[in-house]
Amino acid sequence: MDLVSGYKGVVGLVFGNESSGSNEDSYVERLLDRISNGKLAEDRRNAMVELQSIVAESRAAQLAFGAMGFPVLMGVLKEERDDVEMVRGALETLVSALTPIDQGKSQKNEVEPALMNTDLLSREADNISLLLSLLAEDDFYVRYYTLQILTALLTNSPNRLQEAILTIPRGITRLMDMLMDREVIRNEALLLLTYLTREAEEIQKIVVFEGAFEKIFSIIKEEGGSDGGVVVQDCLELLNNLLRNNASNQILLRETMGFDPLLLILKLRGVTYSFTQQKTINLLSALETINLLIMGGSEADPGKEANRLTNKTTLVQKKMLDHLLMLGVESQWAPVAVRCSALRCIGDLICGHPRNLEALGSKILGEGLQEAALNSILRIILRTSSTQEFVAADYVFKSFCEKNADGQAMLASTLIPQPYSMTHAPLEEDVNMSFGRMLLQGLTLSESDGDIETCCSAASVLSHILKDNIQCKERVLRIELEAPMPSLGAPEPLMHRMVKYLALASSMKNRDGKSNASGNLYAQPIILKLLVTWLADCPNAVNCFLDSRPHLTYLIELVANESESVCTRGLAAVILGECVIYNTSPEAGKDAFSVVDMISQKIGLASYFLKFDEMQKTYLFASASAAQPRKSLTRSTAASMADIENVDENYLPDGKNDHPILSSIFDSLFVTLVKSLEADIREKIVDVYSHPKSKVAVVPAELEQKSGESEAEYIKRLKAFVEKQCTEIQDLLGRNAILAEDLAKSGGGSNSHSEQRVGGAADRVQVETLRRDLKETTQRLELLMAEKAKVESDASMYQNLASKIESDLKSLSDAYNSLEQANFHLENEVKALRDGGPSTFPDVKAIKAEAREEAQKESEAELNDLLVCLGQEQSKVEKLSARLLELGEDVDKLLEGIGDDVGLPEDSEEEDE
């Protein structure tokens, strides 16, 4: 046969040559000959037994059997159904041929015979059909061995077997019937169906149609629920396979059997503090089922969101919260893995569901001494030594506060400062303690290593309460904490105390150069996250933060300190940026310009912006963008997931093994916030830096002359304004040049590695933008200079014109004076003649009056002409003066000294008596 000839070549390849495996080959060949050609039934059965034995023990025999034996044994299964012993032997031999044999260290490139045999058997769809038909046989071992063979085929060639089973009529139905068989066969069938339904959606639908839900919960009930053995685990794994990313199956379960059977599995009974490893695994599997129902289906399913909300509503109506709180909060003797999984389910159950949020907010725990559920969860956060439990409990508050302004306000309203002696008392078990008192007590404990961890845990909860809620931020901003002694100073704002603890955590870490305390791995990032959340979109919080000058200095040092982690430096840079974009302070030293100026001087803008890029390249920051899929609970992973206690000792600070608290800090929502802030910070800082701070506020009204202001003062003020604008333009050009140079250095880099080129692309775009702005500003300055030269030319021309007008005015004035003097001399002559001459002279008075009348007429005519000219020249002078004022020239100086040497004589006209 072709298969035989093909595999004989493989035997020679594996063993070097045909003679190297000749003993096994010849022996297997003789046994197969006896089975196929033997005359005596007993001899054929003995040959089958010998064949099974050697195939189970020898890899060479397995390979030889694969080359020659499958056609023979499949013929036995097809044609000798009545000989049960032969059928049993053939099936058992097939099981042995498909089971890997561990013979110590195998060669690196050595072929695995069992895998090769699996591939060979699964190639023919008729073989799968034949095996499925054997499930209808009455013999127990025939069905048992058949299921084992199918499981082996499915383990090594899942896709091929799934396709074959789908094409065989009633193939899955026969497998489902095995669930009602005897216990051993039922368990094998259950395991087979579990493997079969992991990725095959079509098979999942058929299995559900065949009544899988009823049969699964029936088996779980028979086995004792969560107290049962591994069979319960297999049932729950099969159930999870059917519900995972499958909204239609979830709807079918909800509308047929409901969720009551799940509640029975989670309900603790008997000795509640007795948790075996198997019980832990069973509870984790049931909690995973709850989580799958909360997810609602696959992302591509259009009805996912509606199904998710319906599942959440139904689960809470069925009192699921009570069972989850019992497992996660009240049963402190339960394993950490169970408590954490229950708390995460609580968080998922209330997230985005107003009615469920109200249900949790009003939930009271305990029978004797009762306590609010949220208070109990906060107590876990403040007291637990388990990192996983802190992360899970913190997730509950994160889900409770997300888009729940009323819930945030309710929690914030309880934050009332207590006297120092009460605040620093030990965390007692007083169940009557309010939520806010407990939280403030955790925030303000003494300054030891352990208390810093408690403070950070409380700070994480506070950040959830403040997130996206201006009212809560303003309320908590007003909280002031008393000093240990009144003589030590005035009450201290809570924000200032948190900055103090931030510096304290850093000093503890650097005390011996290296921190061994697990809390210091995440103490600074948690407090920094709180400050980032608090300052976001809250100018009053920024002002409060900047009220203490050392805060800004400390942040600058934190950003520039290369010994700090990349995330710490990046978050500190974000806070500095918030002090710029949300800064409304007009006070010098606290305004946005001062903050940017300090960043530029102490760090440098290029180095500062680089902190954002470094943080975004970290694995924590990059991996948070997409939600990490939860690992499904299978037989291979169950034990490790059930045994988790803490991972601090396994933490590697190189990013390959992320601390769970750091992963929870850099969740997708916070990463999105930081990215949006980064874009605003870059734009605002460049804008503030490139526009010098104006010391005098210039408004359009100041361009008008003030009442009572002289022309000289007005011209001086306008000239000073123009000079100030020119100075600011020069300062602007200098700053733009420095900024472009810094950004060019950060964007271009000194080497040609592709990663650096990609990383500097954004910076180069900014540099080009700044260069364009610089070019435009230069062109604008050149235009202003040209306009200034033109104005100076016009001013010179107008000065010359003014000189000519002044000379004309002087000539007119001299002519008028000459006329007056001539008139005066004539009057004197007339008077002398009148006094000394004979009476025969004509009437002097009449002559005088006539002469005066003619002189007055001539003078009035000349004066009228002169006044007209003077009026015209005066209007020109006024226009020229206004223009000179606009150009910044001092008109008074130009007119100084003109006309001082010319005076008009007093009118000496006297009436003759």
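Reading the values: the criteria
Residues numbered from 1 in each chain as written. Predicted model: local features only at pLDDT ≥ 70, side-chain atom pairs only at ≥ 80, totals over all residues. Heavy atoms only, no water. Helix = DSSP H or I, 4+ residues; strand = E, 2+ residues; numbered from the N terminus. Buried < 20%, exposed > 50% of the residue type's maximum accessible area, 1.4 Å probe, protein only. Contact = heavy atoms within 4.5 Å. Areas by Shrake-Rupley, 256 points an atom, 1.4 Å probe, with all protein chains shown as cover. Expected span 1.5 Å × (residues − 1). Phe/Tyr/Trp six-rings, centres within 6.5 Å; stacked < 30°, edge-to-face > 60°. Axes fitted to C-alpha atoms, helices over the stretch in contact; angles between N-to-C directions. Left-handed = near helix turned anticlockwise from the far one by under 90°. 1 Å grid on protein atoms, 1.4 Å probe; cavity = no way out; pocket = protein on both sides within 12 Å on 5 of 7 lines; lining within 4 Å. Points joined across faces, edges and corners; volume = space filled by probe spheres on them. Nonpolar A, V, L, I, M, F, W, Y, C, P; charged D, E, K, R; others polar. Polar contact = N/O pair within 3.5 Å; in protein donor to acceptor, adjacent residues only side chain to side chain. Core = buried A, V, L, I, M, F, W, Y, C linked by side-chain atoms within 4.5 Å. pLDDT = per-residue confidence, 0-100. Patch = residues over 30% accessible without salt bridge, like charges linked within 9 Å, V, L, I, M, F, W, Y side chains within 5 Å. Salt bridge = Lys/Arg side-chain N within 4 Å of Asp/Glu carboxyl O. Lys, Arg positive; Asp, Glu negative; His and termini not counted. Charge placed at Lys NZ, Arg CZ, Asp CG, Glu CD. Parallel < 35°, antiparallel > 145°, perpendicular 65-115°, else oblique. Arc of directions from axis to C-beta.

K.L.:
Any chance you could break down the overall build of the protein chain for me, citing the residues and the numbers?
P.N.:
The helix and strand inventory of the protein chain stands at 45 helices and four strands. Within the protein chain, the fraction of its 913 residues that count as buried is 47%. Within the protein chain, residue pairs in contact and separated by at least 24 positions form 72% of the contacts whose partners lie at least 6 positions apart. Here the protein chain displays about 45,700 Å² of accessible surface, and carbon together with sulfur accounts for 52% of that area.

K.L.:
I'd like a rundown of helix α24 (residues 387–401), residues and numbers included.
P.N.:
Residue pairs spaced three or four apart in an α-helix point in one direction, given the helix's 3.6 residues per turn. Taking 1.5 Å per residue, 15 residues should reach 21 Å; α24 reaches 21 Å between its end C-alpha atoms and fits that length. The buried count for α24 comes to 13 of 15 residues, which makes it a mostly enclosed element.

K.L.:
If you had to explain the packing of aromatic side chains to someone new, which residues and values would you point to?
P.N.:
Within this structure, the stated rule accounts for ten aromatic pairs. Judged by centre distance (6.0 Å) and plane angle (35°), the rings of Tyr-141 and Tyr-145 are tilted. Of the two residues, Tyr-141 and Tyr-145 both sit in helix α9 (residues 140–156), four residues apart, roughly one turn of that helix. Residue Tyr-141 is classed as partly exposed on the basis of its relative accessible area of 39%. For Tyr-145, a relative accessible area of 14% gives the class buried.

K.L.:
Outline the packing of helix α33 (residues 549–560) against helix α35 (residues 592–602), supporting the account with residue identities and numerical values.
P.N.:
One way to put it is that α33 packs onto α35 with a least axis distance of 11 Å and a crossing angle of 35°. Read as a crossing pair, α33 and α35 show a hand that is right-handed. In contact with Arg-549, Leu-552 and Ile-556 of α33, α35 contributes Val-595, Met-598, Ile-599 and Lys-602.

K.L.:
Report on empty space enclosed by the protein, specifying residues and quantitative values.
P.N.:
Under the definition given, this model contains two cavities of 30 Å³ or more. The space that makes up the largest cavity amounts to roughly 130 Å³. Taken together, Lys-398, Cys-401, Glu-402, Ser-463, His-464, Lys-467, Lys-529, Thr-533, Asp-667, Leu-669, Phe-670 and Leu-673 make up the full set of residues lining the largest cavity. Those elements giving two or more residues to the lining of the largest cavity turn out to be α24, α28 (449–466), α31 (523–535) and α40 (668–690). Of the residues in the lining of the largest cavity, the class split is four nonpolar, three polar and five charged.

K.L.:
Could you give an account of unusual backbone geometry, naming the residues involved and the relevant values?
P.N.:
The residue Arg-170 is not glycine, and still its phi comes out positive at about 60°. For Arg-170, the position within the fold is in the loop between α10 (158–167) and α11 (171–177). Backbone geometry places Lys-319, a non-glycine residue, at a positive phi of 70°. By the secondary structure assignment, Lys-319 is in the loop between α19 (304–317) and α20 (320–330).

K.L.:
Lay out the side chain of Thr-194 in plain terms, naming residues and giving numbers.
P.N.:
Secondary-structure assignment places Thr-194 in helix α12 (residues 183–196). For Thr-194, the side chain forms a polar contact with the main-chain oxygen of Leu-190, separated by 2.7 Å. Excluding residues within four positions of it along the chain, Thr-194 makes contact with Asp-234, Glu-237, Leu-238 and Asn-241.

K.L.:
Explain the nonpolar core to me, and be specific about the residues and the numbers.
P.N.:
By size, the foremost hydrophobic cluster in this structure holds 226 residues, and its most contacted members are Phe-65, Leu-77, Leu-175, Leu-360, Leu-439, Leu-494 and Tyr-608. Not counting residues up to four positions away in its chain, the partners in contact with Leu-439 are Leu-378, Leu-415, Ala-458, Val-461, Leu-462 and Ile-465.

K.L.:
Now, about the confidence of the model for the protein chain: what can you tell me, with residues and values included?
P.N.:
Per-residue pLDDT for the protein chain has a mean of 81; in total, 80% of the residues score no lower than 70. Every residue in residues 645–657 is under pLDDT 50, and counting partners more than four places away or in other chains gives 20 contacts. pLDDT under 50 marks residues 902–913. Its contacts with residues more than four places away, or in other chains, come to 16 contacts.

K.L.:
Give a detailed account of a negative patch on the surface, specifying residues and quantitative values.
P.N.:
Side chains of Glu-850, Glu-854, Glu-858, Glu-862 and Asp-865 sit close together on the surface and give a patch of like negative charge. Within the secondary structure layout, Glu-850 lies in helix α44 (residues 844–886).

K.L.:
Account for the packing of helix α3 (residues 41–57) against helix α6 (residues 84–98), with residues named and values stated.
P.N.:
In the contact formed by α3 and α6, the axes pass within 8 Å of each other and the chain directions differ by 15°. On the basis of the axis angle, α3 is roughly parallel to α6. Two packed elements cross with a definite hand, and for α3 against α6 that hand is left-handed. Residue-level inspection shows Arg-44, Arg-45, Met-48, Leu-51, Gln-52, Val-55 and Ala-56 of α3 in contact with α6, the latter providing Glu-85, Met-86, Gly-89, Ala-90, Glu-92, Thr-93, Ser-96 and Ala-97. Classifying every residue of the contact of α3 with α6 by side-chain character gives seven nonpolar, four polar and four charged.

K.L.:
I'd like a rundown of helix α25 (residues 405–412), residues and numbers included.
P.N.:
Among the residues of α25, those classed as buried are Gly-407, Gln-408, Leu-411 and Ala-412. Seen along its axis, α25 keeps its buried residues to an arc of 130°; they face one direction.

K.L.:
Lay out the environment of Leu-378 in plain terms, naming residues and giving numbers.
P.N.:
Relative to the helices and strands, Leu-378 is located in helix α23 (residues 373–383). A residue is classified by how much of its surface remains accessible, and Leu-378, at 0% relative accessible area, is buried. The contact partners of Leu-378, leaving out residues within four places of it in the chain, are Phe-397, Phe-435, Met-438, Leu-439 and Val-461.

K.L.:
Tell me about the side chain of Asn-583, and please be specific about residues and values.
P.N.:
The topology assignment puts Asn-583 in the loop between α34 (566–581) and α35. For Asn-583, a relative accessible area of 13% puts it in the buried group. A polar contact is formed between the side chain of Asn-583 and the backbone nitrogen of Ser-585, at a distance of 2.9 Å. Excluding its chain neighbours within four sequence positions, the residues that come into contact with Asn-583 are Val-542, Asn-543, Leu-546, Glu-578, Lys-590, Asp-591, Ala-592 and Val-595.

K.L.:
Explain the pattern of salt bridges to me, and be specific about the residues and the numbers.
P.N.:
Summed over the entire model, instances satisfying the criterion amount to 34 salt bridges. For Arg-143, the salt bridge goes to Asp-181, with nearest N and O atoms at 2.9 Å. Here Arg-143, found in helix α9, pairs with Asp-181, found in the loop between α11 and α12; they are 38 residues apart in sequence, far enough to count as distant. Look at Asp-181 and you get partly exposed, because its relative accessible area is 22%. Where salt bridges share partners, they join Glu-42, Arg-45, Asp-83 and Glu-85 into one cluster.

K.L.:
Please set out the environment of Cys-345 residue by residue, giving values where relevant.
P.N.:
Mapped onto the elements of the fold, Cys-345 is located in helix α21 (residues 336–350). Using a relative accessible area of 1% as the deciding quantity, one classes Cys-345 as buried. Taking the C-alpha atoms as reference points, Cys-345 and Leu-321, separated by 24 residues in sequence, lie 9.1 Å from one another.

K.L.:
I'd like a description of the environment of Lys-279, backed by residues and values.
P.N.:
Residue placement: Lys-279 occurs in helix α18 (residues 277–295). Sequence spacing of Lys-279 and Ser-226 is 53 residues, and the spatial spacing of their C-alpha atoms is 5.6 Å.

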